[in-house]
Each structure stands twice: as C-alpha cells, then as structure tokens.
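So you can see what is in the structure, the chains are spelled out below.
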Amino acid sequence: MPQGSSHRVVLVVDDNSNPFEMSCAIEIFGLARPELGRELYDFRLCAAEPETRMRDGFFTLTGVAGLAAAESADTLIVPNRPDTEVPRSERVLQAIRRAHARGARLVGFCSGAFTLAEAGLLDGRRAACHWMWADDFRARFPRVRLERDVLFVDDGDILTASGSASALDLGLHLVRRDHGVEVANHVSRRLVFAAHRDGGQRQFVRRPVPEVPDASLGPLLAWALERLGEPLSVADLAARAAVSPATLHRRFRDQLGTTPLAWLTGERVALACRLIERGEERLDVVAARSGLGTAANLRARLRRETGLSPSAYRKRFGGGPASLTRPAPPSGAAP
C-alpha cells in the first residue's frame, strides 16, 4: 500500500493522446489533499518527445518530464489515443515492458488496453476496452481475455478501464485499494462523482427519454443509506418508493446501471469497510451494523469485493477515524 507521497504515479503521454483521461489522472492522483494531512501520491507527467501533439491537434503539450521518469514509477499509466490502428512508439512500449518487469503496477484507460496488448503484457490476462473497439481488439489480440461491456478490470498488477468516464471509476478504485474506503469517498466528494461504481457494471447505461418525467432515485437512496443496518430488502425499497419491484429494478438499471440488490449489498460492504477502518474489531458488530447479518457473510462479501479477509483489511487500512474535514451535507442529503 502506498505510504504518503512515496508512491509515484507516472502518466506517459504519446502522440495523439486523449486529454480527458490525462486530466482524470491529474485530478485523482496529482492534486494536493491538505485536508487529509498528507499527500496520497507523487504524480508526474512524462512524454517521449519534448513536444507532444494531443488528440486531433487540439493543443501541444510541452514542459513535462522525459520518458526517463517512467523508470521510477510505482504505478505507470500508459498512453491511450483514438487511432488504435497506428502502432505505438517502440520507445514507449519498451519503457512499459521495463516497468512491468521490475514490478510496477500498470494502468490503461480506454484505448490504453491496445498499448498494453501491443507491449505483449496482456496475453492470457483479463482486460477491458471501449465497446466501440471491442471487436477490433479481439481480432488483433485473440489471446487476451477481453471482458466486453464492463467499466473496468482489476487483474492485480495490470488494470484497464473501458472508456473515458470509467477512467474516474478505475482511478477511485485504485485510491480505495491503496488508501481505503474513507479516503476514496473523500476524493469522490471533491470530484462530485459517484464514490463506487463496481467494475462489473455495464459500460452503456440505457437512458431513454420518458414520456413522463421519471422519479429520481435520490430520496430513496438517501433513505436507505440511513438504514443499512436494518433488514432492508428489495421489496422494502420498492414499497418506500411506492412502485412495484419490477419498476424499481428498471429504474435502478436506467439510472445507476445496476440492480437494487447489488447496490444495497455494495453499500453495506462499503459501510463495513468504514467501520473496520475506524477501529471496530468485533466482526459480529460490524456485520450487524452494516446489515450483512453474520460474520461469515461479512467475510465472504468483503473478500469478494476487496480480495481481503477482515483481518487483512484491518491490517492494511485500520487505524481509527480518518481526520477529514467534512462539509455539512445539504438538507435531506445522505450522510
């Protein structure tokens, strides 16, 4: 786990790179977090050339470090760009291979999966890329286990996000993996972005224009978040919203891209993580307060979501209440 700013994240920019994903990385890994009392990462931009033409010639990037900066990266974010058929710079591919060989964590946003596959690092491994390029990716790299439609894939030391906005999802996932739920939630509030969209959610969430305005799920979610420790069911959520379970399911799919049960379980696991981080050691208490019921169910759910047992999670992320300065929530908002 990164300690303070000792963990260096380096983003490599190459010819025709996308500026949006570059900005996502800067926002998540590069901004100062004085309210946390520590910096989360040491972030650097680097490029193979002194001047790098960004996507479609919108602007030219200058004044960043040379490619040698990639040699000291603990996490290396590889270039992504829309012209996926154009071969990547061999200098850049060699830098990525060297980073992988010495144990650095590799991250690809959107078409970054093409870069990692060209470097020969995805054969036999799971990966995600934008749905628009999925068929082309599979044809070119048949040995890669492409997971269609998902937002992102965490395959341990190589992580890939499917599209532009999912770069934020994967970035927050990394913060959560490195520093815990409480810090990730804080970063997401700064972004005014959903704190947790699971990587297995679909890339494309259907948002039809309804004949009549559909009710927002916001009030229902706020109500449920205050009662996670209670025996809430999907039927209870539907009754609170005064709709049928089928209608509630459709609204969750349309507005959140997930099911009511998956959302409820995810929020309960997130609450359990926060309780463990804040020092609660009794698993039965954590399970009861988070609505997961039993210590056995807590263990199973936590391992499924984080890959860690409760004791391993406590060892990595425990330490008592986080010293965050929280803005007061607006009236009626979820805590």
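Worth saying up front: this structure is predicted, and the values here are computed from it rather than measured.

### Some words on the overall build of the chain
From N to C terminus, the chain includes 13 helices and 11 strands. Scored against the burial criterion, the 335 residues of the chain give a buried share of 49%. The contacts of the chain with a sequence gap of at least 6 include a subset with a gap of at least 24, amounting to 65%. Counting only carbon and sulfur atoms, one obtains 53% of the accessible surface of the chain, whose full area is about 15,700 Å².

### Comments concerning the packing of aromatic side chains
Per the counting criterion, the structure on display carries 6 aromatic pairs. Geometrically, the ring pair formed by Phe-114 and Phe-141 is edge-to-face, given 6.1 Å between the ring centres and 75° between the ring planes. Residue Phe-114 is found in helix 3 (residues 112-118), and its partner Phe-141 is found in the loop between helix 4 (134-140) and strand 9 (145-146); the two are separated by 27 residues along the sequence. Here the aromatic rings of Phe-137 and Phe-141 are separated by 5.1 Å at their centres, their planes lie at 50°, and the arrangement is tilted. Each member of the pair, Phe-137 as well as Phe-141, is classed as buried. Chaining the aromatic ring pairs together yields one cluster made of Phe-114, Trp-133, Phe-137 and Phe-141.

### Examining the pairing of strand 1 (residues 8-13)
Remark: a regular strand shows side chains that alternate across the two faces of the sheet. Among the 6 residues that make up strand 1, 6 are buried, leaving the element largely enclosed by the rest of the structure. Here strand 1 shows two buried faces, one formed by Arg-8, Val-10 and Val-12 and the other by Val-9, Leu-11 and Val-13. Note: strand 1 against strand 2 (residues 42-47), 6 bridges, orientation parallel. Counterpart to Val-10 in the pairing with strand 2 is Arg-44.

### Points about the sheet that holds strand 10 (residues 152-154)
The 7 strands lie next to each other as 5-2-1-6-7-11-10, forming an open sheet whose pairing is mixed. In this open sheet, the two edge strands, each paired with only one partner strand, are strand 5 (65-66) and strand 10. Bridge count for strand 1 against strand 6 (residues 75-77) is 3 bridges, and the pairing is parallel. Along strand 6, the bridge assignment pairs Val-10 with Leu-76.

### So, the pattern of salt bridges
Tallying each qualifying case throughout the model produces 22 salt bridges. Measuring nitrogen to oxygen at the nearest pair gives 2.9 Å for the salt bridge that ties Arg-97 to Glu-90. Salt-bridge contacts for Glu-226 lead to Arg-227; the nearest nitrogen and oxygen are separated by 3.5 Å. Its relative accessible area of 23% is what places Arg-227 among the partly exposed residues. Salt bridges here are not isolated pairs; linked through shared partners, they connect Arg-125, Arg-126, Glu-147, Asp-155 and Asp-157.

### Quick look at unusual backbone geometry
Residues other than glycine seldom take positive phi values, yet Asp-56 does so here, at roughly 55°. Along the chain, the position of Asp-56 falls in the loop between strand 3 (51-53) and strand 4 (60-62). When its relative accessible area of 46% is taken as the criterion, Asp-56 is described as partly exposed. Phi is positive for Ala-242, which is not a glycine, with a value near 60°. Here Ala-242 lies in the loop between helix 8 (234-241) and helix 9 (245-256). Under the relative-accessibility criterion, Ala-242 is labelled exposed at 67%.

Conventions and cut-offs
Residues numbered from 1 in each chain as written. Predicted model: local features only at pLDDT ≥ 70, side-chain atom pairs only at ≥ 80, totals over all residues. Heavy atoms only, no water. Helix = DSSP H or I, 4+ residues; strand = E, 2+ residues; numbered from the N terminus. Buried < 20%, exposed > 50% of the residue type's maximum accessible area, 1.4 Å probe, protein only. Contact = heavy atoms within 4.5 Å. Areas by Shrake-Rupley, 256 points an atom, 1.4 Å probe, with all protein chains shown as cover. Phe/Tyr/Trp six-rings, centres within 6.5 Å; stacked < 30°, edge-to-face > 60°. Pairing = 2+ DSSP bridges. Salt bridge = Lys/Arg side-chain N within 4 Å of Asp/Glu carboxyl O.

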